Every structure is written in structure tokens, then in C-alpha cells.
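Structure assessment
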Amino acid sequence: MRVCTIVGARPQFIKAAVVSRELREVGEEVLVHTGQHYDEEMSDVFFDELGIPEPDYNLGVQSGPHGRQTAKMIAEIEPVVEEEDPDVMLLYGDTNSTLAGAIVGSKCDMAVAHVEAGLRSYNRDMPEEINRVLTDHASDCCFAPSESAVETLADEGITDGVYLTGDVMYDSVLAVRERVADSSSVLDDLGVSEDEFVLATVHRQSNTDDPENLEAILDALEDVSEPIVFPAHPRTVDRLEEYDLRERADEVFELVEPLGYLDFVRLMDAAERIVTDSGGVQKEAFFLETPCVTLREETEWVETVEADWNELVGTDTDAIRDALEREEWPDDTPNPYGDGEASRRIAEILQERVADVEPEAEV
Ligand code: UD1
Ligand code: UDP
């Protein structure tokens with residue numbers, strides 16, 4: 001089996017790390033980095049610390065308007081596929097890199113497989129929502145992280161090639177959580193103590209590209225009495241500077257460079273609570289049983305909200321403040337995202353599909 005994996009953005013490196021390890025046990029992988037993320041701390045750090053093999057191709061596409069960025073990726077991925085002749089195009093999540101891979105894969109002679117299939121926010125203003133819907137509908141194999149994702153796909157008429165695998169980010173957190181508790185020095189480095197700080201991240205287009213929303217978030221965070229650690233996505237730093245909010249931000253929180261995954265997991269685990277608009281961070285907070293306040297009106301990770309570990313507050317300053325002051329959070333955590341074996345399952349299913357054996361795991 002020959003698999004062409006497309007990655008390009010930070011969360012995709014983290015997801016691909018666990019799956020690549022399993023894939024390479026059973027077949028060959030051609031790893032393609034679109035170059036969507038390119039700063040050392042948004043890309044290289046993950047390859048180094050998670051032992052991801054050097055990409056076979058780095059397409060160097062970098063940033064740009066959505067259409068042009070996606071089009072460049074498509075134009076660069078197609079010749080790679082012609083050269084490498086893979087059996088499967090493997091895609092992760094919902095970025096422009098995912099969509100570009102789905103378009104090339106579905107127009108060439110190979111199976112398209114999507115990890116994190118069946119997630120919906122039902123907010124079509126979100127660029128990621130379009131990427132998710134189109135990718136699922138272009139895919140031959142949909143790897144769903146939860147029962148509700150399987151149901152969502154069925155509601156859209158996608159029932160063939162759907163596999164309930166569990167969530168690969170759960171596999172990843174389980175693999176590193178214990179290790180980083182001993183090995184990471186990030187709490188000392190940042191001068192914070194376990195359970196005595198708030199961890200915040202903001203990078204969603206609807207928040208960063210609207211000065212009112214950014215200010216509303218700053219207003220709410222200003223009232224937090226604990227120290228706030230804010231590892232900032234480069235997009236957020238750019239916008240804070242553009243809107244003359246950088247100085248204010250520096251008064252409200254400790255703005256640091258984006259962190260590597262291992263230190264970031266340690267911070268998520270140790271934080272008293274997390275404030276974020278990230279998809280992945282909401283889920284990881286849930287796995288680590290750290291209460292999460294989400295700066296969005298809706299989420300595709302509905303189980304985290306149903307379990308009451310995640311509160312959706314949008315960018316309403318009072319709602320953010322109230323959620324941050326909330327004392328009571330659940331005592332226990334259900335387990336809707338599998339058993340930590342999603343990556344192994346995905347590799348096995350792909351191998352069976354390519355060998356033309358009906359995989360047993362199909363739902
Ligand atoms: C992208 C994904 C988003 C995902 C996020 C993960 C899309 C549409 N969005 O958003 O779903 O949650 O990645 O982090 O695919 N930049 C740098 N250096 C970098 C990367 C980006 O400076 O290495 C800056 C550039 O100014 C760029 C901006 O960040 O214009 C946005 O980058 P882009 O990759 O387009 O989108 P993200 O916001 O990172
Ligand atoms: N992450 C990280 N360092 C950081 C911020 C996030 O390693 O400074 C990890 C985080 O643990 C998660 C992933 O990056 O696995 C989430 O990426 P991001 O929030 O950029 O994207 P999203 O999940 O919203 O697509």
C-alpha cells in the first residue's frame with residue numbers, strides 16, 4: 001500500500017504523527033507538506049519533537065487569500081501524485097490543505113480518505129466548514145471520531161466507506177500526557193504554578209480579523225486574577241499590532257511565541273482553565289479534564305459541551321467573564337472519542353481497502 005499524506009497546518013502535523021507511525025508499519029507513505037504553515041514554531045518544531053519523518057515534498061505554498069492559496073496547493077499536489085502514483089490520498093481535518101488534497105485526490109485514480117470526517121459547526125461563514133463538507137463528500141473513506149460524526153455523515157447521505165475509528169488526537173494525548181508531566185519544564189520557564197493560571201489561545205478568523213471581537217476578549221481577560229499565558233498564533237500577533245491592541249494585550253496576559261506540542265500539552269494539563277477558539281484545544285482540554293471556555297458560538301466537538309466540560313461563550317465579554325468565574329465543573333468524563341487506538345485502526349482499514357478486502361470496521 002502506498003499512501004500520499006497531505007499536511008500543511010500545525011494541528012495536521014500533530015494528527016499525522018500518530019497515524020504515520022502506524023501506516024509505516026503496514027505500507028509506504030509519501031509525506032507532502034503544503035507549506036501552509038512555515039514558521040519554525042508553527043511547523044519544524046512538531047516534526048522534530050514528534051519524530052515525524054522529513055516530508056518527501058515541501059510545496060512552499062505559504063500564506064495568501066483562501067482561493068489563491070488553495071489553488072496553488074492543488075497545482076503543486078497534482079504533479080506529486082502523477083509522479084508517486086499512490087493508492088490512497090490521506091487527509092486530516094479542515095484546512096485549505098485538506099481541501100486541496102481532496103480535490104486532487106478525487107480527480108485522480110486513487111481512494112481519498114479523510115481523518116476527522118463528519119464534523120460540522122453548521123456555520124458556513126467559517127472557512128473550515130466548507131472545507132469539511134467538501135472533503136467528506138469527495139472522500140471514499142470517512143474516518144469518524146465519534147458516533148455523532150457517523151450520524152452527521154448519514155444525514156448527508158454518506159454511509160458507504162464510513163468507519164467509526166475514534167479520534168487520533170486522543171491517541172496523541174494519551175501517548176504524551178504522562179511523559180510531559182515529568183519532562184517538560186514549561187511551567188518553571190513561564191513562572192506559573194499548577195492550577196494557578198489560565199491558558200488562552202485565539203486564532204480563529206472571525207475573532208482575529210474583527211477588532212471589536214478582539215477587544216471584547218481582552219476586556220474579559222483583563223478581569224482574570226490569575227496569570228494568563230497566551231501562546232500567540234502569528235496571525236493574532238499581526239492583528240493585535242494592526243489594531244493598536246498589542247500594548248494592551250501585553251498588560252492583560254503573558255504573550256509568548258507558539259509552543260511545541262509537548263510543552264503545550266503540559267500547560268493544558270496544568271492550567272486551572274483554558275480559554276480558546278481552537279478546535280483541537282477544546283478537545284484536548286476535555287481529554288485532560290481541564291475546564292474549557294470557548295470563544296465561539298458553536299462547536300463541531302459537541303460531545304465536549306454535552307459533557308459540560310466546555311462552555312460556548314462567543315465573544316460576549318460578560319459571558320466570557322461568567323464562564324471564567326464558574327466554580328462547578330463536572331466530576332467525571334465520558335469517553336465518546338474512542339479508546340486511543342484510532343491511528344492503528346485507520347492504518348489497518350486502509351491496508352484492507354487497498355488489498356480489496358472488506359474491512360470489518362465499516363459501520
Ligand atoms: C489555518 C486553518 C485553520 C486552523 C489553523 C491552525 C484554513 C482556512 N485555516 O488557519 O483551520 O485552525 O490553520 O493553526 O486552512 N502565518 C505566519 N506564519 C505561519 C503561518 C501563518 O505568519 O507559519 C500568518 C500569516 O500572516 C497568514 C496567517 O497567519 O496570513 C494565517 O495563516 P493561514 O494558514 O492562512 O490560516 P490560519 O489562521 O493559520
Ligand atoms: N498547539 C501547540 N502549541 C501552541 C498552540 C497549540 O502545540 O502554542 C497544538 C494543540 O495542542 C493542538 C493543535 O496545536 O493539538 C491545535 O492547533 P490550532 O489551535 O492551531 O488549530 P485548530 O485545532 O483550531 O485547527
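Figured I'd write up the structure that's included with this text. (Residues numbered from 1 in each chain as written. Chains lettered and ligands numbered in written order. Predicted model: local features only at pLDDT ≥ 70, side-chain atom pairs only at ≥ 80, totals over all residues. Heavy atoms only, no water.)

1. A word on the pairing of strand E4 (residues 88–92)
- Counting buried positions along E4 gives five out of five residues, so the element sits mostly inside the fold.
- By the alternation rule, side chains of E4 split into Val88, Leu90 and Tyr92 and Met89 and Leu91, which are all buried.
- Here strand E1 (residues 2–7) runs beside E4; their pairing, made up of three bridges, is parallel. Looking at the pairing, valine 3 lines up with valine 88 of E4.
- Here five bridges tie E4 to strand E5 (residues 111–115), and the two strands are oriented parallel to one another. (Buried < 20%, exposed > 50% of the residue type's maximum accessible area, 1.4 Å probe, protein only. Helix = DSSP H or I, 4+ residues; strand = E, 2+ residues; numbered from the N terminus. Pairing = 2+ DSSP bridges.)

2. Details of helix H10 (residues 211–222)
- With 12 residues, H10 should cover 16 Å at 1.5 Å per step; its first-to-last C-alpha distance of 16 Å lies within 8% of that length.
- Burial in H10 covers these residues: Asn213, Leu214, Ala216, Ile217, Leu218, Ala220 and Leu221.
- Structurally, H10 contributes buried residues whose contacts are with helix H9 (205–208), strand E9 (228–231), helix H11 (234–242), helix H12 (246–252), strand E11 (273–276) and helix H16 (317–325).
- Among the residues of H10, the N-terminal cap falls to aspartate 210, whose side-chain oxygen and the backbone nitrogen of glutamate 212 are separated by 2.9 Å. (Expected span 1.5 Å × (residues − 1). Contact = heavy atoms within 4.5 Å. Polar contact = N/O pair within 3.5 Å; in protein donor to acceptor, adjacent residues only side chain to side chain.)

3. Some words on the sheet that holds strand E2 (residues 28–33)
- Strand order in the open sheet made by the seven strands is E3-E2-E1-E4-E5-E6-E7, with parallel pairing throughout. The outermost strands of the open sheet, each flanked by one partner alone, are strand E3 (57–58) and strand E7 (162–164).
- When strand E6 (residues 141–144) meets E7, the two strands line up parallel, connected through three bridges. Looking across to E7, one finds that phenylalanine 143 is bridged to tyrosine 163.

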